[in-house]
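# Summary of the model geometry
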Amino acid sequence: MTGRRLEHGGQIDRAQALRFRFDGRALTGHPGDTLASALLANGVRLVGRSFKYHRPRGILSAGPEEPNALVTLRSGARAEPNTRATVAELFDGLTATSQNRWPSLRFDALAINDLAAPLLGAGFYYKTFMWPAAFWERVYEPLIRRAAGLGRLSGAPDPDAYDKGFLHADLLVIGAGPAGLAAALAAGRAGARVVLADEDFRMGGRLNAETFALGDTTGADWAAAAVAELAGMAHVRLLPRTTVFGAFDHGIYGAVERVADHLPDPPPGTPRQILWRITTRRTILAAGATERPIAFADNDRPGVMLAGSLRAYANRWGVAPGKRVAVFTNNDDGLRTARDLRAHGVRVAAVIDARPDAPDPRIDGARHLPGAVVIGTSGRLGLTDVTVRTADVREFRIDCDALGVSGGWNPALHLTCHQRGRPVWDDRIAAFAPGPDLPPGMAVAGAAAGVPSTHGALHSGHAAAAEALDALGRTAPPADLPQAEDAPLALRPLWHVPGTRRAWLDLQNDVTVKDIAQAQHEGFGAVEHMKRYTTLGMATDQGKIANVPALGVMAELTGRSIAETGTTIFRPPYTPVSLGALGGRATGPTFKPTRLTPTHPWAEAQGAVFVEVGQWLRAQYFPRAGETHWRQSVDREVLAVRAGVGLCDVTTLGKIDIQGTDAARFVNRVYCNGFARLAVGRVRYGLMLREDGIVMDDGTTARLAEDHFVMTTTTANAGPVFRHLEFARQCLWPDLDVQLISTTDAWAQIAVAGPKSRTLLQRVIDPGHDISNAAFPFMACGAVTVCGGLRARLFRISFSGELAYELAVPARYGNALMERLMERGADLGATPYGTEALSVLRIEKGHAAGGELDGRTTAQNLRLGRMVSTKKDSIGAVAARRPGLNTEDTLELVGLRARRPDSRLAAGSHLFAPAARTEAANDLGWVSSAAFSPHLGAPIALAFLRGGAARQGEVLRAVNLLSGQDTEVEVTSPHFIDPDGERLRA
Amino acid sequence: MPDLAPLTPLGGTTPRRDRIGGVTIAEACDWALASVTARRGRASDAAGRMAAMIGTALPGPGAMVRSGDWRAVWLAPESWLLAAPLAGQDDIEARLRDAVGDAASVTEQTDAWARFDITAANPARVGALLERLCNIPPARLTPGAATRTVFEHLGVIMLRETDDSLSILGARSSARSLHHALTTVARSLA
């Protein structure tokens with residue numbers, strides 16, 4: 001036990017205790033604690049094992065940059081691996097488990113990797129898993145997969161809800177430290193719509209972690225007062241617990257608000273997290289800075305921490321991370337840690353200051369060692385002492401159980417890079433600062449801009465807001481800012497202490513100074529190469545701590561400056577974003593919208609099995625009692641249509657209302673066959689080509705009046721065809737008087753098919769409408785009324801090849817009409833049929849559908865070449881005459897019939913001559929649709945066959961290598977049923 | 001009158017009504033709808049005839065008007081959606097055709113849409129709901145605003161008639177998905 005809770009201080013509620021568990025141990029903390037501060041308060045230093053070598057690791061930082069203290073939070077389905085303990089807000093009942101260890105954190109068997117370290121250096125993956133090739137998938141991949149990663153997913157569905165939303169602001173302020181609060185206050189007081197987001201649960205940033213005064217109050221109290229003022233402004237939106245993770249195009253920022261992560265369970269209905277898409281005119285990035293360590297031998301031992309974090313634990317959380325601490329720094333900020341800890345009554349053993357001319361902070365009981373460096377540490381599972389080498393090259397040990405290290409501060413400029421902005425090296429702070437190419441509308445203030453002092457942060461925040469307000473046409477109020485410290489950093493760069501033992505740069509990925517040297521030695525010295533060769537800066541912390549020190553080391557090795565060495569840049573997200581938040585409300589069956597047909601309630605009541613067709617749910621078939629296989633249902637439905645009458649909801653076919661004095665000319669130009677002279681009250685089958693001559697869609701179009709057509713499309717192409725027509729109307733022929741609107745949803749359309757369909761329709765259509773064969777022949781259409789005056793449209797068209805009609809009524813009556821048709825047709829054998837039977841019927845009739853209109857086939861392929869009129873121009877007609885599309889041996893639509901009724905024939909099979917080898921060179925074509933025809937009692941198919949029209953009667957093989965089928969088929973006409981169309985004209 | 005019983009877009013015999021938190025989401029089936037799109041070069045003629053019929057000028061982009069029983073919503077350039085109370089026999093298409101003659105094309109749209117009326121005693125709740133639904137600043141959707149937008153992959157028309165109400169029109173076939181989205185968000189805010 002080294003760390004402990006201090007008697008006084010900290011922004012925690014000591015009156016209330018929160019119980020939590022770490023690796024099964026029962027511990028307590030207080031509201032205001034993070035998991036990390038509570039663990040330290042309980043004396044827990046060892047919290048995890050490193051990725052590669054399984055080295056014992058402790059808490060390094062107090063913020064989102066934490067590379068070590070990654071735990072699995074919660075349990076069961078809510079278990080979340082790789083949670084940074086430093087940002088996990090403590091709640092009552094929290095459970096956390098350490099990761100990447102077996103059997104226990106204190107004794108980890110895989111720590112043996114550490115002994116093999118010489119074999120596991122940078123790039124070892126690229127050298128090790130090469131031979132033999134047969135091992136790649138069977139041995140190496142499973143091995144690497146088992147070793148890779150830290151935490152494990154639960155594998156169970158996420159029980160929580162997530163949401164998303166949209167915010168709009170004049171000014172987005174990212175970070176609520178001194179700069180962000182000053183900016184938000186200025187903009188809020190000026191009346192601008194402000195969104196202020198901070199990833200912490202307590203706004204104030206470093207003001208909460210420091211002890212110096214702001215005016216006549218503490219930083220934390222000033223921050224609290226500023227937040228209270230902002231909360232009182234209706235036009236200011238405060239988003240605590242919200243990480244802005246990305247700067248995207250057009251002033252759009254992505255942010256995740258952790259609504260319920262700090263609660264034991266989200267209240268019912270409440271989302272756990274909300275993904276906000278923030279659209280803003282201006283942005284001020286006030287994300288602060290991240291402290292960086294100095295690398296030295298064995299600097300990864302639990303107890304070695306960032307100096308600023310060490311004092312943050314003391315100041316903000318009232319926690320002394322050790323009984324006896326030391327500080328190793330190269331700048332004045334590190335001295336604050338020694339001062340603050342001493343002020344809290346913690347023993348400070350030494351201030352080891354790398355600067356030879358370092359000022360003596362005069363800390364009671366502490367040795368001041370200017371020009372000294374730490375060259376080693378001891379302690380198996382946690383720090384017990386450090387070895388120091390002084391300016392006069394004396395080496396000795398100093399007992400301490402916590403060491404605060406400060407190598408300087410790196411501006412948190414990640415979001416400035418999200419649109420390819422490159423940071424620039426700033427010698428004054430010995431760090432990369434935001435470059436000139438910021439995302440449009442963004443300004444950077446405070447420590448994120450490389451301004452080191454609190455005074456500077458406050459004033460740069462106000463100034464950035466004033467500039468933004470000016471651009472927004474508002475006037476900034478006078479700066480009403482408190483007096484604050486304005487000390488220089490006085491930093492002397494030091495990246496690593498040379499030595500023979502391993503000195504760690506990236507603690508998350510186990511990358512050492514030696515690895516950087518090895519990368520450089522092996523030709524991977526360029527920063528982008530170094531990153532990938534060593535894995536430096538990858539995984540959850542994305543190198544927030546490691547990147548700049550590694551660049552410093554690389555610069556030393558190559559003898560170049562860091563500015564010349566350059567840096568990798570950052571991409572979103574700034575910190576990990578859960579996939580649940582990205583998915584938002586769209587999960588499970590509600591992942592995408594579902595469209596239901598008007599007769600859906602009726603179909604459900606019939607026990608229909610539904611199938612997804614694009615967004616639609618359609619009845620696939622209607623099983624009846626005693627039917628044990630879908631084929632039995634489908635065969636019955638097909639035969640019922642051919643013998644009596646069947647009913648099918650065909651509402652899903654697209655319906656486009658086309659009106660205007662030029663409607664006929666328009667339709668005539670979008671279809672390749674003639675439509676100009678289609679008579680009013682008649683329907684015609686139309687074939688629509690793309691500009692390149694390939695078939696786009698087909699369907700029937702009815703002429704309801706001289707200036708009024710209704711076009712139907714296939715279900716899948718309803719949207720694309722409408723878009724195509726709108727493009728033609730607006731862009732190709734703006735001179736035509738044409739108006740388009742979709743009416744797909746407005747009408748319930750029911751196919752009534754079979755020899756008894758007319759009899760059935762006569763029972764529901766109101767008297768006075770003559771639908772006899774003479775008055776209403778094949779391809780007639782017209783307005784009728786049904787069931788006592790309901791407006792309806794009747795089309796005599798047939799997909800099945802039988803006498804058939806489609807009857808359309810206002811959608812709200814579709815369900816009742818279906819019930820009425822079933823009831824009135826009971827004695828005629830009226831049978832509902834689904835999409836499977838529909839497909840069998842059309843294959844038997846040789847009608848093309850999705851399988852045939854696959855975006856590759858031409859009218860010639862479909863043997864509809866003569867439909868492409870040469871007497872007029874239409875979209876695609878010229879391109880359809882290209883020689884390449886009109887060769888002698890072109891693919892042509894044929895029918896196939898299996899020679900053996902019990903054989904199987906599958907769509908996707910390829911056709912071969914009986915003796916040919918099944919290889920691509922001998923491929924004669926493919927099967928586009930297949931079904932069992934109950935009418936013929938054999939499997940049949942539609943297929944595209946080379947020179948197919950002339951091959952009727954030939955015997956071929958349909959081969960499906962995936963399912964191992966090799967089926968003997970006879971080439972037939974694609975029209976298996978009634979090739980002369982006598983039935984449909986009956 | 002037809003002797004068939006209509007269903008609501010959600011498939012019920014009566015419109016559904018959900019009260020969640022301080023928000024009411026009510027399926028509404030009481031409007032007859034039709035689109036009116038001017039014929040080429042006839043926009044002012046069509047607009048004039050429509051204004052004479054409904055008693056006020058047709059709205060411009062992003063807006064709706066209400067005049068007596070009529071509501072008119074701007075839909076696209078020279079195109080509007082007209083709404084009138086749906087009373088028994090639906091004849092809105094015929095009435096509009098009579099009014100505009102050959103100056104515009106009229107298409108029956110009553111059954112193409114599902115409509116949900118969202119009301120809240122506290123107008124801020126309507127704004128909060130909007131914030132979670134779509135990328136429209138609630139401050140811009142002031143009374144009299146009408147706009148087409150997308151949420152949950154659904155194309156919708158949003159009508160803001162008053163401060164404390166919002167009507168959302170979506171495709172009838174996806175009414176259940178629309179309703180699910182609205183009630184989920186309302187519960188998330190409750």
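Remember, predicted model here, so these are calculated numbers, not experimental data.

What follows is about the overall build of chain B. A tally of helices and strands in chain B yields four helices and 11 strands. The globule rule puts the C-alpha radius of gyration for 190 residues at 16 Å, and the 17 Å found for chain B is close to it. Each of the three principal axes of chain B carries a C-alpha extent, and together these read 50 × 45 × 30 Å. Sorting the 190 residues of chain B into buried and exposed places 55% on the buried side. As displayed, chain B offers around 7,500 Å² of accessible surface, 50% of which is attributable to carbon and sulfur atoms. Side-chain charges of chain B comprise 20 positive and 20 negative groups, with the mean position of each set lying 5 Å from the other.

Our next topic: the packing of helix α6 (residues 307-317) of chain A against helix α7 (residues 332-343) of chain A. Residue and element names in this part refer to chain A. Orientation of α6 relative to α7, taken along the N-to-C sense of each, is 30°, at an axis distance of 8 Å. It follows from the interaxial angle that α6 and α7 lie roughly parallel. The handedness of the crossing between α6 and α7 is left-handed. Residues A307, G308, L310, R311, A314 and N315 of α6 lie in contact with α7, whose contacting residues are D333, G334, R336, T337, D340 and L341.

Moving on to the packing of aromatic side chains. Residue and element names in this part refer to chain A. In this structure the tally under the stated criterion is 14 aromatic pairs over all chains. Ring centres of Y313 and W317 lie 5.3 Å apart, and the angle between their planes is 35°; on these two criteria the pair is classed as tilted. Remark: W317 and Y313 occur in helix α6; sequence separation between them is four residues, near one turn of the helix. Residue classification places Y313 among the buried positions, given a relative accessible area of 0%. In this structure W317 comes out as buried when scored by relative accessible area, which is 3%. Ring centres of W602 and F622 lie 5.6 Å apart, and the angle between their planes is 50°; on these two criteria the pair is classed as tilted. Pair noted here: W602 is in helix α14 (residues 600-605) and F622 is in the loop between β35 (616-621) and α15 (630-643), with a separation of 20 residues, a long-range link. Each residue in the set F129, F135 and Y140 is aromatic and connected to the rest through ring pairs, giving one cluster. The ring of F675 has R684 lying over it, and the distance from NZ or CZ to the ring centre is 5.8 Å. Across from the ring centre of W926, 4.8 Å away, lies the NZ or CZ of R856, which sits over that ring.

What follows deals with the pattern of salt bridges. Tallied over the full model, the rule gives 72 salt bridges over all chains. Between D3 of chain B and R820 of chain A there is a salt bridge whose closest N-O contact spans 3.2 Å. Separated into two different chains, D3 of chain B in the segment before β1 (17-20) and R820 of chain A in helix α19 (residues 814-824) make up a pair that spans both. Exposure remark for R820 of chain A: the relative accessible area of 14% places this residue in the buried category. Here D45 of chain B ties to R49 of chain B by a salt bridge, and the two come within 3.1 Å at their closest N and O atoms. Here R49 of chain B and D45 of chain B lie together in helix α1 (residues 43-54), a separation of four residues that amounts to about one turn. Relative accessible area serves as the criterion here: at 28%, D45 of chain B is assigned to the partly exposed category. Since its relative accessible area comes to 30%, R49 of chain B is described here as partly exposed. Overlapping salt bridges, with partners in common, bring together R55, R57, D114, D298, D300, R301, R501, R502 and D510 of chain A in one network.

Residues and elements named next belong to chain A. The biggest cluster of nonpolar side chains holds 48 residues, and the ones touching the most others in it are F20, F22, L35, L39, I59, L94 and Y313. Here this core takes six residues from helix α1 (residues 35-41), the largest share from any one element. Filtering out sequence-adjacent residues up to four positions away, L94 remains in contact with R19, F20, R21, L35, L73 and E89.

Moving on: the confidence of the model for chain B. Residues and elements named next belong to chain B. Put simply, chain B has an average pLDDT of 95, and 99% of its residues get 70 or more. When mean pLDDT is taken per element in chain B, strand β7 (residues 104-108) scores highest with 98 and helix α3 (residues 123-133) scores lowest with 92. The ipTM assigned to the predicted complex is 0.98, against a pTM of 0.93.

So, on to the environment of R793 of chain A. All names here are of chain A. Here R793 lies in strand β44 (residues 790-795). Taking the relative accessible area as the measure of exposure, R793 reaches 12% and is therefore buried. In this structure the C-alpha to C-alpha distance between R793 and G588, which are 205 residues apart in sequence, comes to 38 Å. Apart from residues lying up to four places away in sequence, R793 is in contact with D657, L704, H708, V710, W747, G782, E806, L807 and A808.

This part takes up the domain arrangement of chain B. Residues and elements named next belong to chain B. Here chain B is partitioned into domain 1 (17-29 + 112-189) and domain 2 (31-110). Placing a centre on the C-alpha atoms of domain 1 and another on those of domain 2 gives a separation of 23 Å. With 13 residues of domain 1 at the interface, the matching set in domain 2 holds 13 residues. In total, domain 1 and domain 2 occlude about 1,200 Å² of area from one another, counting both sides; carbon and sulfur atoms represent 58% of this. Contact with domain 2 buries area across many residues of domain 1, yet W113, A146 and E161 alone supply 37% of it, more than any other trio. One can count two salt bridges joining domain 1 with domain 2.

We now examine the sheet that holds β35 of chain A. Residues and elements named next belong to chain A. Taken in spatial order, the three strands line up as β33-β35-β34 in an open sheet, and their pairing is mixed. Edge positions in the sheet fall to β33 (595-596) and β34 (609-613), since each of these pairs with one other strand and no more. One ladder, built from two bridges, connects β33 with β35; its direction is parallel. Within β35, the position partnered with L596 by the bridge is L617.

Here the focus is the side chain of D300 of chain A. Residue and element names in this part refer to chain A. Relative to the elements of secondary structure, D300 occurs in the loop between β17 (289-291) and β18 (304-306). Within the local environment of D300, its side chain forms a polar contact with the side chain of R57, the two groups lying 2.9 Å apart. A distance of 3.3 Å separates polar atoms of two side chains, one belonging to D300 and the other to W504. Aside from chain neighbours lying at most four places away, what touches D300 is R55, P56, R57, W504 and L507.

Residue and element names in this part refer to chain A. Sheet architecture is open: five strands sit in the order β3-β2-β8-β6-β7, paired in mixed fashion. Two strands bound the open sheet, and with one partner strand each, they are β3 (25-29) and β7 (80-84). Neighbour-to-neighbour, the strand axes of this sheet turn through a mean angle of 40°, independent of strand direction. Here three bridges tie strand β2 (residues 18-22) to strand β8 (residues 94-97), and the two strands are oriented parallel to one another. Residue F20 lies in a different strand from β8, and its bridge partner there is L94.

Let us now look at a nonpolar patch on the surface. Residue and element names in this part refer to chain A. The grouping of L110, I112 and L115 at the surface amounts to a nonpolar patch, some 330 Å² of accessible area in total. In this structure, L115 sits in the loop between β8 and α2 (124-128). L115 sits in the exposed class, given a relative accessible area of 72%.

Attention now goes to the side chain of E131 of chain B. If you trace the backbone, E131 of chain B turns up in helix α3. With sequence-adjacent residues up to four places away left out, E131 of chain B is seen in contact with G165, F166, L167, R237 and W276 of chain A.

Moving on: the pairing of β1 of chain B. Residue and element names in this part refer to chain B. Alternating positions in β1 separate cleanly, D18 and I20 being buried on one face and R17 and R19 remaining unburied on the opposite face. Where β1 lies against strand β2 (residues 23-28), four bridges are found, and the strand directions are antiparallel. Counterpart to R19 in the pairing with β2 is T24. Where β1 folds back on β2, the antiparallel hairpin that results is connected by two residues, among which G21 adopts a positive phi of roughly 60°.

Reading the values: the criteria
- Residues numbered from 1 in each chain as written.
- Chains lettered and ligands numbered in written order.
- Predicted model: local features only at pLDDT ≥ 70, side-chain atom pairs only at ≥ 80, totals over all residues.
- Heavy atoms only, no water.
- Helix = DSSP H or I, 4+ residues; strand = E, 2+ residues; numbered from the N terminus.
- Rg over C-alpha atoms; globule rule 2.2 N^0.38 Å.
- Buried < 20%, exposed > 50% of the residue type's maximum accessible area, 1.4 Å probe, protein only.
- Areas by Shrake-Rupley, 256 points an atom, 1.4 Å probe, with all protein chains shown as cover.
- Lys, Arg positive; Asp, Glu negative; His and termini not counted.
- Charge placed at Lys NZ, Arg CZ, Asp CG, Glu CD.
- Axes fitted to C-alpha atoms, helices over the stretch in contact; angles between N-to-C directions.
- Parallel < 35°, antiparallel > 145°, perpendicular 65-115°, else oblique.
- Left-handed = near helix turned anticlockwise from the far one by under 90°.
- Contact = heavy atoms within 4.5 Å.
- Phe/Tyr/Trp six-rings, centres within 6.5 Å; stacked < 30°, edge-to-face > 60°.
- Lys NZ or Arg CZ within 6 Å of the ring centre and 35° of its normal.
- Salt bridge = Lys/Arg side-chain N within 4 Å of Asp/Glu carboxyl O.
- Core = buried A, V, L, I, M, F, W, Y, C linked by side-chain atoms within 4.5 Å.
- pLDDT = per-residue confidence, 0-100.
- Domains from an automatic or database assignment.
- Buried area = accessible area lost by both parts, 1.4 Å probe.
- Pairing = 2+ DSSP bridges.
- Polar contact = N/O pair within 3.5 Å; in protein donor to acceptor, adjacent residues only side chain to side chain.
- Patch = residues over 30% accessible without salt bridge, like charges linked within 9 Å, V, L, I, M, F, W, Y side chains within 5 Å.

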